[in-house]
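# Topology and contacts: notes
Listed below, chain by chain, are the residues.
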Amino acid sequence: VSPPAMSRRVVRQSKFRHVFGQPVKADQMYEDIRVSKVTCDSSFCAVNPKFVAIIVESGGGGAFIVLPLAKTGRVDKNHPLVTGHTAPVLDIDWCPHNDNVIASASEDTTVMVWQIPDYVPVRNITEPVVTLEGHSKRVSIISWHPTARNVLLSAGCDNLVILWNVGTGEMLLSLDDMHTDLIYNVGWNRNGSLLVTTCKDKKVRVIDPRKQRVIAEKTKPHDGTRPIRAIFVADGKIFTTGFSRMSERQLGLWDLNNFEEPIALQEMDTSNGVLLPFYDADSSIVYLCGKGDSSIRYFEITDEAPYVHYLNTYSSKEPQRGMGFMPKRGLDVSKCEIARFFKLHERKCEPIVMTVPRKSDLFQDDLYPDTPGPEPALEADEWLSGKDAEPILISLRDGYVPIKNRELKVVKKNILDSKPPPGPRRSHSTCDSDFSQPGLEEVLEEIRALKETVQAQEKRISDLENKLGQFTNGTD
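Going by what an unreviewed UniProt entry lists, the protein chain is known as Coronin and is assigned to Prunella himalayana. Per its UniProt entry, the protein chain bears the Sequence similarities (unreviewed entry) comment "Belongs to the WD repeat coronin family."

If you want it as structure tokens, here you go:
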């Protein structure tokens, strides 16, 4: 006898059904930050287990501020900035394999890569480790390769996508003639073998960057005219946000092997802010944050219809100017935290913690599968030659402890290093005899020692300033 219809499961089983969002207490926010007012659909904020970086207003030129995560409360108005660009900064991204390295893209057409010290520097950081020049118009998108060391992607308003080897300062690949209009966003798949891009020409493209080929594309995944966003989710599927013809916001889920019909297409509301999707592969949850919205909606993606399942909405009163998303290894596993957002207001940054309610204090291994750690799986040249590798995973059972500052070394290839042509040398340079190799080595060693001294002094000054700050205790 078949069981009565009522006993069938009415509610979908999922451990993420009760995920809830909560802002931190007031003293855990970052206050008095002049968040950039540039009109750009980037997230304006990048975070990792050590630092939060925020693009800020700056008179003449472009700047962002970097704060150690623990430095909450009011930010000193003289706190050093990272100021090297000559026009506004449009996007920033922390290197996934080195928590002290961040890249910035700017309206000045350059991309700069910076080394951030573990201590708070005394002065503004003005010297990037390397400047990457190759775009002819402003650069609005930047994204590190998920598994290969030192591979960085940039996309500009010249409709170009360029891949760089930051370790040598060289351009690895330039993807031109692929986009006929402004590129809205670019995303890597999990092992960095493919890219997905959205463009003002209303197409979503899946690109194999090393073969420099579009391997799949979909015209008008959403009928509306406003910008589309696309990201890779599990199993190579693609998740998009966009607008219907009636200007309703939509989300879509697509299969690369059958790009014609969506797996899911859902309408949400009629707000006009572009929805920025943030995806957590470990839980298969996608979080949608609209610029100018005051809410974060989140959905679980599964193999069961309707495939994209609405979970809940975190609502607040204040609209968001931008949003940072902490990598999994920066979360507090003892509190069953599965995501942490850094919401930008006009003058502050407010962390929002997403939690799965659990009664036990033990490590919840079903919530925390092994997750990508800070070690790259490939070198840049291995990746360029055609190798692929999945991220190297780490366990979060005992929490993650960030690694000490590792210096990014840039070794520029010198055209003078190539051997001279064989045969008699016509002219004899006097330089050779006067300036021997050991002499040069000595000078370089001296410069290195001086640099170390300056850094040590800066750290000492910084420590003394901090101590002084504790004594005066805000009675300035």
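Back to the text.
## Description of the pairing of strand β5 (residues 62-68)
In terms of residue burial, β5 counts as a mostly covered element, since seven of its seven residues are buried. Of the two faces of β5, the one holding Gly62, Phe64, Val66 and Pro68 and the one holding Ala63, Ile65 and Leu67 are both buried throughout. Note: strand β4 (residues 51-56) against β5, six bridges, orientation antiparallel. The partner of Ile55 across the bridge, within β5, is Phe64. With antiparallel pairing between neighbouring strands as the criterion, β4 and β5 make up a hairpin whose turn holds five residues, including Gly60 at a positive phi of roughly 65°. Bridge analysis of β5 against strand β7 (residues 82-85) gives two bridges, and the strand direction is antiparallel. Within β7, the position partnered with Gly62 by the bridge is His85.

## Here's the deal with the packing of aromatic side chains
Taken as a whole and assessed by the stated rule, the structure comprises 13 aromatic pairs. For the pair Phe299 and Tyr310, a centre-to-centre distance of 5.6 Å together with 65° between the ring planes defines the contact as edge-to-face. With Phe299 in strand β26 (residues 295-301) and Tyr310 in strand β27 (residues 308-315), the pair connects residues that are eleven residues apart, well separated along the chain. By relative accessible area, which is 3% here, Phe299 ends up buried. Ring pairs connect the aromatic residues Phe278, Tyr287, Tyr298, Phe325 and Phe341, which therefore count as one cluster. Its guanidinium or amino end placed over the ring of Phe243, Arg226 lies 5.1 Å from that ring's centre, counting from NZ or CZ.

Parameters and conventions
Residues numbered from 1 in each chain as written. Predicted model: local features only at pLDDT ≥ 70, side-chain atom pairs only at ≥ 80, totals over all residues. Heavy atoms only, no water. UniProt positions renumbered as here; feature names shortened; annotations may be inferred. Buried < 20%, exposed > 50% of the residue type's maximum accessible area, 1.4 Å probe, protein only. Helix = DSSP H or I, 4+ residues; strand = E, 2+ residues; numbered from the N terminus. Pairing = 2+ DSSP bridges. Phe/Tyr/Trp six-rings, centres within 6.5 Å; stacked < 30°, edge-to-face > 60°. Lys NZ or Arg CZ within 6 Å of the ring centre and 35° of its normal.

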